[in-house]
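Now for the letters of each chain:
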Amino acid sequence: MPSGQTSSAMPAPQPDAAPSGAVIRLAKFNIGDVVRHRIYPFRGIIFDVDPVFANTEEWWQAIPEEVRPSKDQPFYHLLAENQDTEYVAYVSEQNLVPDRSGEALRHARIAEMFERDGEGGYRMRGDAAN
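Quantities reported herein were computed from a predicted structural model and do not represent experimental measurements. (Residues numbered from 1 in each chain as written. Predicted model: local features only at pLDDT ≥ 70, side-chain atom pairs only at ≥ 80, totals over all residues. Heavy atoms only, no water.)

## Describing the overall build of the protein
Link 1 in the chain: Looking only at helices and strands, one finds 2 helices and 9 strands in the protein.
Link 2 in the chain: Along the protein, from the amino end to the carboxyl end, the secondary structure elements read β-β-β-β-α-β-β-β-α-β-β.
Link 3 in the chain: Counting every position in the protein, which comprises 130 residues, the buried fraction comes to 31%.
Link 4 in the chain: For the protein, the share of sequence-separated contacts (at least 6 apart) that also reach a separation of at least 24 residues comes to 50%.
Link 5 in the chain: As displayed, the protein offers around 8700 Å² of accessible surface, 51% of which is attributable to carbon and sulfur atoms. (Helix = DSSP H or I, 4+ residues; strand = E, 2+ residues; numbered from the N terminus. Buried < 20%, exposed > 50% of the residue type's maximum accessible area, 1.4 Å probe, protein only. Contact = heavy atoms within 4.5 Å. Areas by Shrake-Rupley, 256 points an atom, 1.4 Å probe, with all protein chains shown as cover.)

## Concerning the pairing of strand 6 (residues 86-92)
Link 1 in the chain: Sheet topology places strand 5 (residues 75-81) next to strand 6; 7 bridges connect them, and they run antiparallel. By the bridge assignment, Leu-78 is partnered in strand 6 with Ala-89.
Link 2 in the chain: Counting the residues between successive antiparallel strands, the hairpin from strand 5 to strand 6 contains 4 residues. (Pairing = 2+ DSSP bridges.)

## Thoughts on the pattern of salt bridges
Link 1 in the chain: This model, assessed by the stated rule, comprises 9 salt bridges.
Link 2 in the chain: A salt bridge links Glu-57 to Lys-71, with the shortest nitrogen-to-oxygen separation between them at 2.7 Å. Here Lys-71 lies in the loop between helix 1 (57-61) and strand 5 and Glu-57 lies in helix 1, a separation of 14 residues in the sequence.
Link 3 in the chain: Judged by relative accessible area, which is 32%, Lys-71 ranks as partly exposed.
Link 4 in the chain: Among the ionic pairs, Arg-125 bridges to Glu-115, the shortest N-O distance being 3.4 Å. With Arg-125 in the segment after strand 9 (122-124) and Glu-115 in strand 8 (residues 114-116), this pair connects stretches of sequence that are 10 residues apart. (Salt bridge = Lys/Arg side-chain N within 4 Å of Asp/Glu carboxyl O.)

## As for the nonpolar core
Link 1 in the chain: In this structure, Phe-29, Val-35, Phe-42, Ile-46, Tyr-76, Leu-78, Ala-80, Ala-89, Val-91 and Leu-96 together form the largest nonpolar core, which totals 10 residues.
Link 2 in the chain: Secondary-structure elements contributing two or more residues to this core are strand 5 and strand 6.
Link 3 in the chain: Here this core takes 3 residues from strand 5, the largest share from any one element.
Link 4 in the chain: Of all hydrophobic cores here, the second largest spans 9 residues; its members include Ile-45, Leu-79, Phe-114 and Tyr-122. (Core = buried A, V, L, I, M, F, W, Y, C linked by side-chain atoms within 4.5 Å.)

## Considering the side chain of His-37
Link 1 in the chain: Residue placement: His-37 occurs in strand 3 (residues 34-37).
Link 2 in the chain: Within polar-contact distance, the side chain of His-37 engages the backbone nitrogen of Tyr-40 at 3.0 Å.
Link 3 in the chain: Not counting the four nearest positions on each side in its chain, His-37 is found in contact with Phe-42, Val-91, Asn-95 and Leu-96. (Polar contact = N/O pair within 3.5 Å; in protein donor to acceptor, adjacent residues only side chain to side chain.)

## Looking at the environment of Asp-99
Link 1 in the chain: Summarising the element assignment, Asp-99 is placed in the loop between strand 7 (96-98) and helix 2 (110-113).
Link 2 in the chain: Sequence-distant contacts of Asp-99, that is, excluding residues within four places in its chain, are made with Val-34, Val-35, Arg-36 and Arg-43.

This is the structure in structure tokens:
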């Protein structure tokens, strides 16, 4: 066998191709992860993931061009909260960072979809999965 090769080598996994030919990247975050926005002062828990942008063009165009993220990345649905209110947010992967504060979230809908695990994190309730 030539140098540098092994008999048990497996080919590297390749990204999946979307029907349009665009490459779909693997999501960095998972359902149940607590994240913060890297610019704006809110945090939340991920309850759904789109492999690429899947909102309306009108929503997309409402984002100022200088901060508009690329559509070809995962987008996350969050039960989000800031100091004043709770809401649902749709955020690009590039704008999220892990929240490692350990602080519990207060969003009223969390109990419908998630339960706390023994380590202070969240996992989706069996009856909440679609």
